[in-house]
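Each chain, written out:
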Amino acid sequence: MKISRFFKLFTPDTRIYLIIISVFIVIVSFYNHIIGIIGVFLLAYLIYYNLKTTNIRREEWTRYIEGLSSDIDSATKQAILNLPIPLTIVEFDGTITWYNSKFVEIVGKKELLEKDIQDIIESFELKDVLQNKKENIKEIHINGRYFTVLYNIIKLSKQHASKYIIMLYWVEITDLLLLKRKYHNEKSVVALIQVDNFDEVMQSTEEAVRPLVIAEIDRRINLWANKLNGFIRKYYNDKFIVVFENQQLPKLEAKRFEILDEIREINIGNKLPITLSIGVGIGGETPKQVCDFANTAKDLALGRGGDQAAIKNNEKISFYGGKTKAVEKRTKVKARVIAHALKQLIEQADNIFVMGHKNADLDALGSAIGIYRAAMNLDKEAFIILNEGNPSIEVLLDRMMEKDYFRSSVISCEEAKGRIGENSLIVVVDTHRPSFTECPEILNLTQNIVVIDHHRRGTEFIENTVLSYHETFVSSTSEMVTEILFYMEDKVNIEQMEAEALLAGISVDTKNFTFKTGVRTFEAASLLRRAGADTTSVRQLFQDELSTIIAKVEVLRTARILKDKVAISTCSQVKNIQLVAAQSADELLNIRGVISSFVLGMKEDGRIFISGRSMGDVNVQVILEKLGGGGHLTVAGAQLEGYTLEEALEQLEEIILEYLEEGEEK
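The structure presented is a predicted model; accordingly, all values stated were derived computationally and were not measured. (Residues numbered from 1 in each chain as written. Predicted model: local features only at pLDDT ≥ 70, side-chain atom pairs only at ≥ 80, totals over all residues. Heavy atoms only, no water.)

Quick word on empty space enclosed by the protein
Thinking step 1. Inspection of every chain in the model, using the stated rule, returns 4 cavities of 30 Å³ or more.
Thinking step 2. As for the second largest cavity, its lining consists of Met355, Gly356, His357, Ala360, Ala364, Leu365, Ala368, Ile384, Ile385, Leu386 and Glu438.
Thinking step 3. Where the lining of the second largest cavity is concerned, the elements lending two or more residues are α14 (362-377) and β13 (381-385).
Thinking step 4. At 3 residues, the largest contribution of residues to the lining of the second largest cavity is made by α14.
Thinking step 5. Here the residues of the lining of the second largest cavity sort into 8 nonpolar, 2 polar and 1 charged. (1 Å grid on protein atoms, 1.4 Å probe; cavity = no way out; pocket = protein on both sides within 12 Å on 5 of 7 lines; lining within 4 Å. Points joined across faces, edges and corners; volume = space filled by probe spheres on them. Helix = DSSP H or I, 4+ residues; strand = E, 2+ residues; numbered from the N terminus. Nonpolar A, V, L, I, M, F, W, Y, C, P; charged D, E, K, R; others polar.)

Written as structure tokens, this is what we have:
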């Protein structure tokens, strides 16, 4: 800064010269008055000459600038008039005040002055410009062409007022948009298909007819793939891969994957219906990622009981089908393998932590007790994580607390976090959703996690497990744990109360052996009965208080029937509201003609519980999944927050009616 000022002293400046001359004239006048007077006249002339010269230069500069501005204005006008893209000038009310010839070409109309731009181009909304939320407006359709609109709002200042105009630049993107659509439509979609119950179907079919059944399955799947113009390969007896273009997918979704129904209709000697699980992967950045999506989707479809298609598009997952019950597998090979694997994991662990889902029921607690007993039989320290009880397990908890070893083994989530180590084993029972567990935080404290569950798989599940036993055809988790327990040792050491807890878990999920009850269910029950379980004592676990029974009667009294087949009701101001809702939903199925039921209840903290039940013709899991819930085809539930009971009821009714109109029931 100082250097700049120094050099400025050497810049020519007439004022400095005149000041110096003035100083010298004053000095000379002091010694010689005549010369001083002459100097004064000369100084006056110099000042006059300097002022005149300065004014002349200023006028020349002004004329130069004005001429340059005129040239720029002329160039600007010429640029606007000859702009190679369509241009329109409109006022704030949409009135067209000027346009160029290119704009006339794209709209195909003349004499557009004083007309509303929104009448000329119906897909254009002027409010999008006035709100000024985006830099441009995309995909405006004009006579079969597509444009993006760039705009500029200009203020014109006049003598007494200001006026605003809007300049609209129409940039054509037709080729780019068509290319994007072509790219999107021709992207590869991978579908992995698996026959759910291939082995069971073949075993139940006469040997002479088996080739015909296999051939018919292959024929129908190949015809379906050919309709999609897709590539198909069979890479195992019951597995296929189909690759087709993305533009075919909306057709499949519109027909709700009709191949599921076509395969189920095969009846040429097979005694069991044939069902498929289809996993579709789309939206991946690479072919490998698309295949990974398809594989994940197929696992989800299988985990939800099969007979359905799952579509995975990045994080979004959609389901179609799921109309039939999962077929029971008679073989117990998998249960035996799981039992031996779990035994090894328990033996290698320092201690065992068992937990079920929040608001535990008898199945969750009963299966937790079964795993606890397996760990105790192997001389391992074990704990059951239970934050709080509820009316449905109150009697069983009281019986547990009568045992000394249970008093110190039932711990809260906070206690579990203080005891768990890297070599601890966590066994999650009766749920596969991390957010539903009693203590989601501890799932991140060890890599040794085992999941045992029978619910249909949802989009959220515990990943990176060392062992996962997930069978949707099984009646209850207690049945699965019973088989595991009795396969671990030839002679099982189990207390009577523990056997009764497992039997109660089976009873509650099968509604006293009426729903989802297979041959293996009775075999598990007989093992527990042989181990000392008393059915009368088990029945006492289901006894209710008088207030609960009265509340259930009120729910039944106020029930309504939708479409002559679905019962729906509400309950409120009840102490055991979750238990009342679940039991009332079961009772509503006893009404003649009712094939499904839903009961809603609100707790004191504002949470709304929904219990859904079905005779098997309506998939209550699909319905309640839309409200963030889950479960089985015949038994499902959901929890809502931020709704009033009336709002939740209205939304549930809309979903039920939509489901029935789509014909999802069998």
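Some details on the UniProt feature "binding site: Mn(2+) 2" (unreviewed entry) in the protein
Thinking step 1. Listed under "binding site: Mn(2+) 2" (unreviewed entry) in the UniProt record, and renumbered for this structure, are Asp363, Asp430, His454 and Asp509. The annotated residues occupy 147 residues of the chain but converge on a single region, no pair of C-alpha atoms lying more than 10.9 Å apart.
Thinking step 2. As for its placement among the helices and strands, Asp363 is situated in helix α14.
Thinking step 3. Residue classification places Asp363 among the buried residues on the basis of a relative accessible area of 0%.
Thinking step 4. In this structure Asp363 touches Asp430, His454, Ser476, Thr477, Ser478, Gly505, Val508 and Asp509, once residues within four positions along its chain are discounted.
Thinking step 5. Within the secondary structure, Asp430 is located in the loop between β15 (425-429) and β16 (449-453).
Thinking step 6. Setting aside anything within four residues of it in sequence, one finds Asp430 in contact with His357, Asp361, Asp363, Ala364, Ile452, Asp453, His454, His455 and Thr477. (UniProt positions renumbered as here; feature names shortened; annotations may be inferred. Buried < 20%, exposed > 50% of the residue type's maximum accessible area, 1.4 Å probe, protein only. Contact = heavy atoms within 4.5 Å.)

Structural notes on the sheet that holds strand β11 (residues 316-321)
Thinking step 1. Reading across the sheet, the 6 strands line up as β7-β8-β6-β9-β10-β11 and stay open at both edges, with mixed pairing between neighbours. Of all the strands in the sheet, the pair left with one neighbour each is β7 (231-236) and β11. Strand after strand, the sheet turns through a mean of 15° between neighbouring axes, direction not considered.
Thinking step 2. Here β7 pairs with strand β8 (residues 239-245) via 5 bridges, running antiparallel. Each residue of the ladder has a partner; that of Tyr236, found in β8, is Lys239.
Thinking step 3. Along the sheet face, helix α12 (residues 287-303) touches β6 (188-195), β7, β9 (276-282), β10 (308-313) and β11 and points at about 150° away from the line of β9. (Pairing = 2+ DSSP bridges. Axes fitted to C-alpha atoms, helices over the stretch in contact; angles between N-to-C directions.)

Considerations on the domain arrangement of the protein
Interface size is commonly expressed as the accessible surface area that is lost when the partners come together.
Thinking step 1. With domains assigned, the protein is organised as domain 1 (5-80), domain 2 (87-179), domain 3 (188-321), domain 4 (332-541) and domain 5 (546-665).
Thinking step 2. Centre-to-centre separation of domain 2 and domain 3, based on C-alpha positions: 50 Å. (Domains from an automatic or database assignment.)

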